[in-house]
Each structure stands twice: as structure tokens, then as C-alpha cells.
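What follows is each chain in one-letter form.
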Amino acid sequence: MTTLTKHPDPELSATGRSRKSRKSQKRGKPGAGFRGIGDLKIALLFIFPAMIGFVLFYLVPTIRGIYLSFTEYSILGDPEWIGVKNYQQIAKDPLFWNALGVTSEYVVINIVLQTVLALGLAILMHRVAKSTLIRGALLLPYLMANVIAALLWFWMLDYQIGIVNQFIEWVGLPRVAFFGSEQWAIPTQALINTWRHMGYTALLLFAGLQAIPNTVYEAASIDGSKAVSTFWRITLPLLRPVLALVLVVTVIGSFQVFDTVAVTTQGGPINATRVLQYYIYQRAFNEQDFGYGSALAVILFLILAIVAFIQMKFLRGNQSDLD
Amino acid sequence: MKKKVLGAVAAAAVATLALTACGSGGGSSADSAKGEISYWLWDSNQLPAYQQCADDFHKANPDITVKITQTGWDDYWGKITNGMASGTAPDVFTDHLSKFPDFIKTKQLVPLDDAVSTDKVDLTQYNDGLANLWVGQDGKRYGLPKDWDTVGLFYNKKMAADAGLSPAQMASLSWNPQDGGSYEKAIAHLTVDKNGKRGDEAGFDKNNVAVFGLGLPGSDAENAGQTQWSFLSATTGWSATDKTPWGSHFNYDDKRVQDTIAWWASLAQKGYMPKLETTVGANAPDAFGAGKAAINANGDWMIGQYKGYKGIDLGIAPTPTGVDGKNASMFNGLADSIWAGTKKKDASIKWVEYLGSSACQDVVASKAVVFPAIKTSTDKAAAAFAAKGIDVSAFTEHVKDKSTFLLPITDNAAKVAGIMKPAMDAVIAGKSPASSLTDANNQVNALFSK
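Residues numbered from 1 in each chain as written. Chains lettered and ligands numbered in written order. Predicted model: local features only at pLDDT ≥ 70, side-chain atom pairs only at ≥ 80, totals over all residues. Heavy atoms only, no water.

Undergrad: Help me understand the overall build of chain B, please; the structure alone is not making it clear to me.
TA: Of regular secondary structure, chain B possesses 18 helices and 12 strands. In terms of its C-alpha atoms, chain B occupies a principal-axis envelope of roughly 100 × 50 × 45 Å. When burial is assessed residue by residue, chain B has 54% of its 450 residues classed as buried. Put simply, 73% of the contacts in chain B that link residues at least 6 apart link residues at least 24 apart. For chain B, the accessible surface area stands at approximately 18800 Å², while carbon and sulfur atoms represent 54% of it. A gap of 6 Å separates the mean positions of the 44 positive and 48 negative side-chain charges of chain B. (Helix = DSSP H or I, 4+ residues; strand = E, 2+ residues; numbered from the N terminus. Buried < 20%, exposed > 50% of the residue type's maximum accessible area, 1.4 Å probe, protein only. Contact = heavy atoms within 4.5 Å. Areas by Shrake-Rupley, 256 points an atom, 1.4 Å probe, with all protein chains shown as cover. Lys, Arg positive; Asp, Glu negative; His and termini not counted. Charge placed at Lys NZ, Arg CZ, Asp CG, Glu CD.)

Undergrad: Looking at this structure, how should I read the layout of surface pockets?
TA: Over the atoms, a rolling probe the size of a water molecule traces out where space has been left empty. What the second largest pocket holds in volume is close to 950 Å³. If you trace the second largest pocket, you find 37 residues lining it, with A:Tyr159, A:Gln160, A:Arg175, B:Phe212 and B:Thr278 closest to the centre. Considered class by class, the residues forming the lining of the second largest pocket number 19 nonpolar, nine polar and nine charged. (1 Å grid on protein atoms, 1.4 Å probe; cavity = no way out; pocket = protein on both sides within 12 Å on 5 of 7 lines; lining within 4 Å. Points joined across faces, edges and corners; volume = space filled by probe spheres on them. Nonpolar A, V, L, I, M, F, W, Y, C, P; charged D, E, K, R; others polar.)

Undergrad: Before we go on, may I ask you to explain the pairing of strand 10 (residues 329-338) of chain B in this structure?
TA: As a general feature of sheets, a regular strand has side chains that alternate between the two faces. Residue and element names in this part refer to chain B. Extensive coverage of strand 10 is indicated by the burial of 10 of its 10 residues. Both strand 3 (residues 92-96) and strand 10 contribute to a ladder of five bridges, which runs antiparallel. Of the residues in strand 10, the one forming a bridge with Val-92 is Ile-338. Both strand 4 (residues 144-149) and strand 10 contribute to a ladder of five bridges, which runs antiparallel. The residue of strand 10 that forms the bridge with Trp-148 is Gly-333. (Pairing = 2+ DSSP bridges.)

Undergrad: Please explain the sheet that holds strand 9 (residues 314-317) of chain B as it appears in this structure.
TA: Each strand in a sheet pairs with another by means of backbone hydrogen bonds, the pair being arranged parallel or else antiparallel. Residue and element names in this part refer to chain B. Strand order in the open sheet formed by five strands is 6-7-8-5-9, with mixed pairing between adjacent strands. Two strands lie at the open edges of the sheet, namely strand 6 (192-193) and strand 9, each paired on one side alone. Here strand 7 (residues 209-214) pairs with strand 8 (residues 293-299) via two bridges, running parallel. Each residue of the ladder has a partner; that of Phe-212, found in strand 8, is Ala-293. On top of the sheet, helix 8 (residues 181-190) reaches strand 5 (151-156), strand 6, strand 7 and strand 8; it is set at about 165° to strand 7, its chief contact. Against the sheet, helix 16 (residues 393-400) makes contact with strand 5, strand 8 and strand 9, and its axis sits at roughly 160° relative to strand 5, the strand it touches most. (Axes fitted to C-alpha atoms, helices over the stretch in contact; angles between N-to-C directions.)

Undergrad: How do you make sense of the confidence of the model for chain A when you look at a structure like this?
TA: Any region with low pLDDT has predicted coordinates that should not be read closely. In this model, chain A carries a mean pLDDT of 86, and residues with pLDDT of at least 70 account for 88%. Considering each helix and strand of chain A separately, the mean pLDDT is smallest for helix 1 (residues 2-6) of chain A, with a value of 40, and largest for helix 5 (residues 85-91) of chain A, with 95. (pLDDT = per-residue confidence, 0-100.)

Undergrad: Explanation requested: helix 11 (residues 182-210) of chain A in the structure shown.
TA: Three- or four-residue spacings in an α-helix give side chains the same orientation, since the helix completes a turn every 3.6 residues. For helix 11 of chain A, which comprises 29 residues, the first-to-last C-alpha distance of 42 Å matches the rise-based estimate of 42 Å (1.5 Å per residue) to within 8%. The largest bend in helix 11 of chain A comes to about 45°, at A:His197. (Expected span 1.5 Å × (residues − 1). Bend = angle between axes of the 7 residues up to and from the residue.)

Undergrad: I keep staring at the confidence of the model for chain B and nothing clicks. Help me out?
TA: Mean pLDDT over chain B: 90, with 93% of residues reaching 70 or higher. Across residues 1-31 of chain B, confidence stays below pLDDT 50; counting only partners more than four residues off in sequence or on other chains, it has zero contacts.

Undergrad: What should I look at first to understand empty space enclosed by the protein in this one?
TA: Under the defined criterion, the tally for this structure stands at three cavities of 30 Å³ or more. Space inside the largest cavity adds up to approximately 50 Å³. Taken together, A:Phe154, A:Leu157, A:Asp158, A:Tyr159, A:Val176, A:Ala177, A:Phe178, A:Phe179, A:Gly180, B:Glu277 and B:Val280 make up the lining of the largest cavity. Of the residues belonging to the lining of the largest cavity, the class tally is eight nonpolar, one polar and two charged.

Undergrad: What's the story with the interface of chain B and chain A in this structure? I'm lost.
TA: It is common to give the size of an interface as the accessible area lost on bringing the parts into contact. Facing the 21 residues of chain B at the interface are 24 residues of chain A. Summed over both partners, the interface of chain B with chain A comes to about 1900 Å²; 61% of that surface belongs to carbon and sulfur atoms. Taken together, the links from chain B to chain A amount to two salt bridges. For A:Glu182, the salt bridge identified is with B:Lys431, shortest N-O distance 3.0 Å. Here chain B is connected to chain A by one residue pair in polar contact (both at pLDDT 80 or more). (Buried area = accessible area lost by both parts, 1.4 Å probe. Salt bridge = Lys/Arg side-chain N within 4 Å of Asp/Glu carboxyl O. Polar contact = N/O pair within 3.5 Å; in protein donor to acceptor, adjacent residues only side chain to side chain.)

Undergrad: It is not clear to me how the state of the cysteines should be interpreted in this structure. Could you clarify?
TA: A disulfide bridge is the covalent bond that connects two cysteines by way of their sulfur atoms. Residues and elements named next belong to chain B. Considering all chains together, one arrives at one disulfide over all chains under this definition. Covalent S-S linkage joins Cys-53 and Cys-360, the inter-sulfur distance amounting to 2.2 Å. Between Cys-53 and Cys-360, the disulfide has an S-S torsion of 95° and is therefore right-handed. Here Cys-53, found in helix 2 (residues 47-60), pairs with Cys-360, found in helix 14 (residues 358-366); they are 307 residues apart in sequence, far enough to count as distant. Taking relative accessible area as the criterion, Cys-53 reaches 0% and is therefore assigned buried. (Disulfide = S-S within 2.5 Å.)

Undergrad: Looking at this model, I keep getting lost on unusual backbone geometry. Mind explaining?
TA: Peptide bonds are trans in most cases, and residues, glycine excluded, mostly fall at negative phi. The amide bond that connects A:Gly268 to the next residue, A:Pro269, takes the cis arrangement and shows omega of -10°. Residue B:Pro245 follows B:Thr244 across a cis peptide bond; omega there is -10°. When you line up the elements, B:Pro245 lands in the loop between helix 9 (230-233) and helix 10 (255-270). The backbone phi angle of B:Lys120 is positive, close to 50°, even though this residue is not glycine. Its location among the elements puts B:Lys120 in the loop between helix 5 (113-118) and strand 4. One non-glycine residue with positive phi stands out, namely B:Asp220, at about 55°. The residue B:Asp220 is located in the loop between strand 7 and helix 9 in this model. Of the residues examined, B:Asp220 reaches a relative accessible area of 14% and is grouped as buried.

Written as C-alpha cells, this is what we have:
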């Protein structure tokens, strides 16, 4: 474009010589120019391995899951078509509504804390902590398997023998049943996951911060903008696309909380941590009701699709203000 | 050139196919009474005994090798079910009364009737009633009994002596749902707070308890109160289901069981038993081993673990006598079943018959871990326990006196547990009254009216 407008005589650009040079350029660097049928074949070849994985492990199970959600199926034996009966039962199932409630509680606590803390960490990494060692150390909890992190905290927060409760008692406060009491069980698990994921989220946001050109900040400081207002008026708006992506991914991730619950409270106390994924697992794998479990999974899928759509729409995640 | 390459590839492919065909041909030989069969169990304490059985079995039948896999109870059933669906379940596995109805319904077990009659397995050698537990509603037999279990009270002898309770007193406790009888008195007296005050003394601080009179492993709803409260509720004349085995109506709406549960839950409110919320993630036997509880009600399969705690002088008392003036215990037994998908049925039958014979059950008896199903082996196990200095009469007397009742054997066991556990937890945690079990009971019974 720029070369064309700068060209003194437009007609010259249409000369055979320039066309020829373009052609030779195409021959010289295959794939860099026009993408024709020949490239499509190569593209398909490269996509193929990923496609196999996608079809085998995502597409087929999704379609089969949707089919199973309209059946009664105990894994042993054949699925029996029962129409929308599973969905009708779910609408009346108090445990489903309970699961939706506790899952939402978990998501809200987890996302708010994680995003705020991660943003703070990202800014610190960007401005203060330039050392690779410190930046790397932030990622350490994320390197731990979810189950290990959960078990470690389960042990440290134990009512009887946990070091945290020993400390609380030493300070002179009554012991807290972090996993055992209904009001604490979900916040505790949300905090554990916040602890584990914070560094990773911070790293994503940090990458986003680095993409904001320094010239914008220079201009702001010349205009006399203070650090706080620079953050609200420049950093945050320009970080929005990355923030949107991070939020969509972390919200989807935390709606699917499972392993922490599975290795600690297993839905209890009473129904306080019976989150959606765990309830799906319980109905399908413990109680051999794969039809009902599939229907619950389809509902979770729809919820996530809607939530992700709303987030993208409102955060305008596909546009950047940098242009 | 190209053709040559193709030809070579084709030849190689044919050769590979031929080789693999040979390989698989050798594996599934016509005689299915040969080769390796897989056997699963969940209790690691029993693994050495059964490994010994497998080695002895291999000596007697050199053509058959048994490969034993032990998987903890929490993952055991999921793995078996998934294995059945994917064709990788074990040939033979330790089966549980609460699980086998679902396997029968989905035709996953091999009926053993023909084998029992051809090989003349003596079903009367087992303790009374054990063999017939494994007969399904279709009248077919799906397992040979391997052991049985009852429930008793494990207690800390030193704590009891300090509280002035003699072994004879501990062995003759009585209970009723109104004031808990001498069972509650003993529990209260054995409870000590941080200031050294006993649970039945004035000034007892129920919020700062050092030693609980009774330990709490959980609400025990999954197996109908097997180790925690069923031995009490049974003395009121209550039964979990309309008939056993194969009941189709549960009775948790009955005042008798609700009163029992209400009494039990009240112990936590009084400070005599840990609050449910403090036991999440905790292990009740270990708390007993650490001297944090004086009494633990538990099954005989736990003897080894309780005996193993260092510095604890272990006493074992029978369950308290109840409303009907007698004591009671749930009677449960395990069996070995054969998966219908096995490719080595004959070998599997041989192994199951060996497991159900006195040859193997005497080996199990000699290890003093559980009580084998065969009467003579049971006596040998009791002797083996006695040789270790453990008096197991609290468990065996239930079988001699026929003071046992059965674990409810019904369909939908996992779904029943899924409903009952949160409901029972809520009552034990003091969040809901015992009458709320009526609601859960209605949900449970709705499962059977479908």
C-alpha cells in the first residue's frame, strides 16, 4: 500500500517487469505469497495431526455426550432413548441448583481475587522486579500438579494437625475448620486455586503490559499524569484485550473446578462443595447414571458458552485500542 | 524401482501380520484353564495372605498363574466398572454385598452354579447364611464366600482404668436412645477437657476437649451405619429395608432410627464426640492411636491397625446391649466373583474354588487379619489372633449367638448412598433435625418406584 501511494507513476507499477519480479518472489519463497490449492494441501497436512486429536478427543465425545444426555445409560449395557427426561429432572433437582450456586460462589471469589492479585503482580514485574529469578519464582506454584497443591493445603489447613491452625491457636484465636465447615469450604478451595494460578495469570498479563508501547507512557508523563491515573487511563484500557482473554480462560477454567474438590471434601460438608463438575462425576461415575451426567455436562457447556460470549462482547476482546 | 519398494513393504506387512497372528493365537489358546489370570482386591492388609494363596495355587496348578492387583477402596469400584465397560476388568475380583446387585443387573458376573455342582463345593462348610448371600434375585449364585465381619468397640485400656472402668464393665455396657444408658455414661466419663475435667463433671468445657469419649469417622451413611450406629438402631427392632436381601423400600422415616441418630448426633453437641466439621480429612483410628479418643466403634478387619498403634493398650469390647436387651452387629461378608468378560473362565473358576476352599482360607486364618468364611478356618483365625495376644470373642460371639443382621442388599446402592450421605451429614453436623431423614427416605424410595 505505502509503496503504491509513494510511487510517482502508478502505470509503472503495472509493467511486466514488476509483475515478473513479484512472480519470481513467489517462486523464491513458497507460501509467502498467494495461498492457492497447493498450499491448502500442505496446510491440511500440518493441521491433520491436531485435527485427529480434536475429532477423537473433543468433537466425537461432545456429540456422543449430547446424544447420551437424551438417554438412560449405565455404561454397562446399551443407552436407552428417553428424550428430554433428564433435562426435566435436572430442572427440579435441588442438588443441581445447589451445585450452580456453590460453583458460582467459587468462580466469583476465585476470579476476583486471582485477577486483582495477578494484575498487581504483573505491574510489579513490569516496573519493579526485573530479575528473571523472581519472575520465574512466581510461576512455581503453577508447576505443581493441582492434586498435589490441594493435598498440601488440605494437610496444612487440617483442623487437628494443620500448621495453620497451630499458628491460629498460638495467636490466641479459635481453630478454623477450613474444609469442614460449610461457610469456609468453598472460600478455602477458591484461595488454594488462586494461590496456584495467580503466577500464571500474572505472567499472561505481564506479556500484555510489555506490548503497550513506552511512547504512550512517555507522552502521559510529559502531560503530567500521576501513576494512579496512568494506570486507570492508560494501562488498564490498553491491557483490555489481554485482560479479556485471561478472564475468559480463567472463568471457564474455574467453572470446571474438580480435582481440588475430589481430593479434599468430595462434595461435602453436606453439599457445600458439590460443585457442578463434581456432581457430574458423582452421577456418572459413582452412580452409573451416565445419561443424567451427560445432560448436566451439556448444561455446563451451554453456561460456559454463554458466559464466554458475554465476556467477549462486553470486554470487546477482539479489538485493541492501540490501532 | 517403485514397485520393488512396494513389494518389500507388502512383504514386511504380511510378515508382521502373520507374526502378530501367531502371537495372539498363542495367547488365547483353546484350553482356557491355562495362562495368567488377574485377581483384584482392595485391602492391603490382606494382600500377603492372598499372595501366599496364589503361590500355593500356582504350585498345585503350574499351568495357571494368578496376578494380584491391590487398589484402595476409593478407586476400586470405579476401576472395576470402567474395566467392565472397556473390556479390561480383572478375571476374578473381591466382591462386596452392596455392589454386586448392580453387576448382576448388568450381567457382568459369571453364575457359579454349574461349577459348584460339578466340582461338589460344600456350601455347608461356610458359616451359616454366608453362601446364600451371594444368590441373586434370579436364583443364581455369583460368588463364593471368603470372609465375614462384625463390629465391636475398640477402647484404650489405660484411659478406661484411669476412669475407673474395668474390662468387665466395658464389656457389659447398655444403651437406649433416651439417655444413652451406661454406654453414654462411659463415653461421658472417658471424655476429658483441656483442664482435666471429665465430661460428666461440673465445669466441663465442651469446646476445649483433649480426649473424646467416642471417635467419629464420619456419618457412615454409605453402608447403613455399619460400624457406627447400626448396632444400636438394630436393637430397637428397626431394619433398614423392608426385607433382606433384596429389599425395595427403605425405612429411614422410622422414628426408631431417627431417635438413634438424634442421640448419636447429640454426643457431638455435648462435646463427647468430635464435631463432624473437625473430622474432614482426619482419620478416626489414627486419632485413637494418638490418644485423642477413648473408644472407637469399628469392624474386625481393623484389628491389625488398632493393635499396631504404639503405646496403646488395646481393649476390645462387644457392642452394647440395646433396647431389646441384647447386643447386635451388622454381619457382612466378602466373596470372590468372576467377571463375565473373562477369556479364561475355567482357570478363573478353579481359582475362585481354591479361594473358597479351606486350603486358602486356613492360610488367611494363620495371618490373623480377617475371619475366613469357612467355620473351621474361623476357629483357626481366632486361635491365630489369640496367639498374638488379641481376644476376638467380641466379634466371634455375634456369630455364635446369631445376634447379627445383614447389610442391606439392594439395587441402586450407589444412588442410595448419594442421597443418604449428605442427609446424614447434615443431621450429625447439627444442621438439620433427625426428622429431615424422612425427606431423604422419600427420595431413596422414589428410586425403586421407577
